[in-house]
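Now for the letters of each chain:
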Amino acid sequence: MYGSIEAGGTKFVCAIGNENLEVIEQVSFPTTTPMETMRLVKEFFDKYLDNLKSIGVGSFGPIDVNTTSETYGFITTTPKEKWKNYNFLGKLKTFFNVPIALTTDVNAAAYGEYVKGYEKKTSNIVYFTIGTGIGGGGILNGELIEGFSHPEMGHMKVVPHPKDTYKGNCPFHGNCLEGMAAGPAIEKRNGVKGQDLSEEDSFWEIEADYIAQCMYNTTLMLSPDMIVLGGGVMQQDHLVKKVRSQFEHMLKGYVQIPEIDRYIVTPKLGQQSGIIGGLALAEKALYKTSKNVQ
Ligand code: ADP
Ligand code: ZN
């Protein structure tokens, strides 16, 4: 059996899955203090200790993913005070004596869509979540993209839309992509949450423009085979079509992209991309460890 943890800023989800990466049991609880939250994590997996082979974790961040760093596996500069500089991986290792893979929440979701959602039909895929924040994770040739750290694609620069007077709310950059297009920015502009805004509202063209700019940058930077758009805001069914159309208009045929409806897509696994991604990362961690041993 594999374990999976989706560590979010608001809630933690823990799951146990089988070798087909199917979830057998799943629980979720609010993210409070590290002590209380980690106690619940331990309690959940303790029931399965005899069969637990490995664990995959997708975490909120930023996290230190550099395996040679002294603070590898720490949650670093998060605005969540109690979790600042918290040795997340270290704590998990004191609980569970199995291989543990740790990456960002969006990397885990990208991996889930790659392995189980789109079933490795391509080995180059980028996943974005457009929710409370915006984050992006990528897989190139079947491996997560990580350099000195994990990518922070949600904070890319975007050109303000000519009809948009909003200044943006990213505490670091103001009008970066997240500052302009994540859920809270939608709410601040319109006075209502995205889910309460009419489908007919002209704002959605502005929202689509920012996401299309993100598709444009991603296409030119990474030329993936597929970009998956998830997160709460993408539950607006009409939005992905608007994004596709504005993106094609921006690109002006400069590069030959795959067929658009198969290029910019929504998650096959719905809300489960991250949890199933965690199971897939657990499987990968076990495989890597067994290879090293031989
Ligand atoms: P999180 O990013 O916190 O993990 P979500 O991906 O669900 O969670 O994103 C939450 C954000 O998405 C909120 O800002 C919320 O207003 C927005 N949102 C949720 N559902 C919808 C919807 N149907 N349409 C537009 N915005 C939505
Ligand atoms: Zn930013």
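Please refer to the structure higher up on the page.
Residues numbered from 1 in each chain as written. Chains lettered and ligands numbered in written order. Predicted model: local features only at pLDDT ≥ 70, side-chain atom pairs only at ≥ 80, totals over all residues. Heavy atoms only, no water.

Draft legend 1. Examining the sheet that holds strand β11 (residues 226–230) more closely. Sheet architecture is open: five strands sit in the order β10-β9-β8-β11-β12, paired in mixed fashion. Strands at the two margins of the open sheet, each flanked by one partner only, are β10 (143–144) and β12 (264–265). Relative to strand β9 (residues 134–140), strand β8 (residues 125–130) runs antiparallel, the two being bridged by six bridges. In the strand pairing of β9, Tyr-127 is matched with Gly-137. In the packing of helix α3 (residues 105–117) onto the sheet, contacts are made with β8, β9, β10 and β11, and the angle to β9 comes to roughly 50 degrees. (Pairing = 2+ DSSP bridges. Helix = DSSP H or I, 4+ residues; strand = E, 2+ residues; numbered from the N terminus. Contact = heavy atoms within 4.5 Å. Axes fitted to C-alpha atoms, helices over the stretch in contact; angles between N-to-C directions.)

Draft legend 2. Molecular detail of the state of the cysteines. All told, the structure shown has zero disulfides when counted by the stated rule. No disulfide involves Cys-214; its sulfur sits 11 Å from that of Cys-176, the nearest cysteine. Here Cys-214 falls in the buried class, since its relative accessible area comes to 1%. (Disulfide = S-S within 2.5 Å. Buried < 20%, exposed > 50% of the residue type's maximum accessible area, 1.4 Å probe, protein only.)

Draft legend 3. View of the side chain of Thr-31. Among the structural elements, Thr-31 can be located in the loop between β3 (23–30) and α1 (34–46). Only 2.8 Å separates the side chain of Thr-31 from the backbone oxygen of Gly-8, close enough to count as a polar contact. Polar side-chain contacts of Thr-31 include one of 3.2 Å to the backbone nitrogen of Lys-11. (Polar contact = N/O pair within 3.5 Å; in protein donor to acceptor, adjacent residues only side chain to side chain.)

Draft legend 4. Molecular detail of the coordination of the zinc ion (ligand 2). Around the zinc ion (ligand 2), the protein contributes the donor atoms His-155 (ND1), Cys-170 (SG), His-173 (ND1) and Cys-176 (SG), at 2.1 to 2.4 Å from the metal centre. Coordination geometry of the zinc ion (ligand 2): the four donor atoms subtend angles of 104 to 121 degrees at the metal centre, consistent with an arrangement described as tetrahedral. Sequence positions of the donors to the zinc ion (ligand 2) reduce to the motif H-x14-C-x2-H-x2-C. With a gap of 18 residues between them, His-155 in the loop between β10 and α4 (177–181) and His-173 in the loop between β10 and α4 connect regions that are remote in the sequence. (Donors = N, O, S within 2.8 Å, 3.2 Å for Na, K, Ca; no water. Tetrahedral: all angles 85-135°; square planar, octahedral: opposite > 155°, others 65-115°.)

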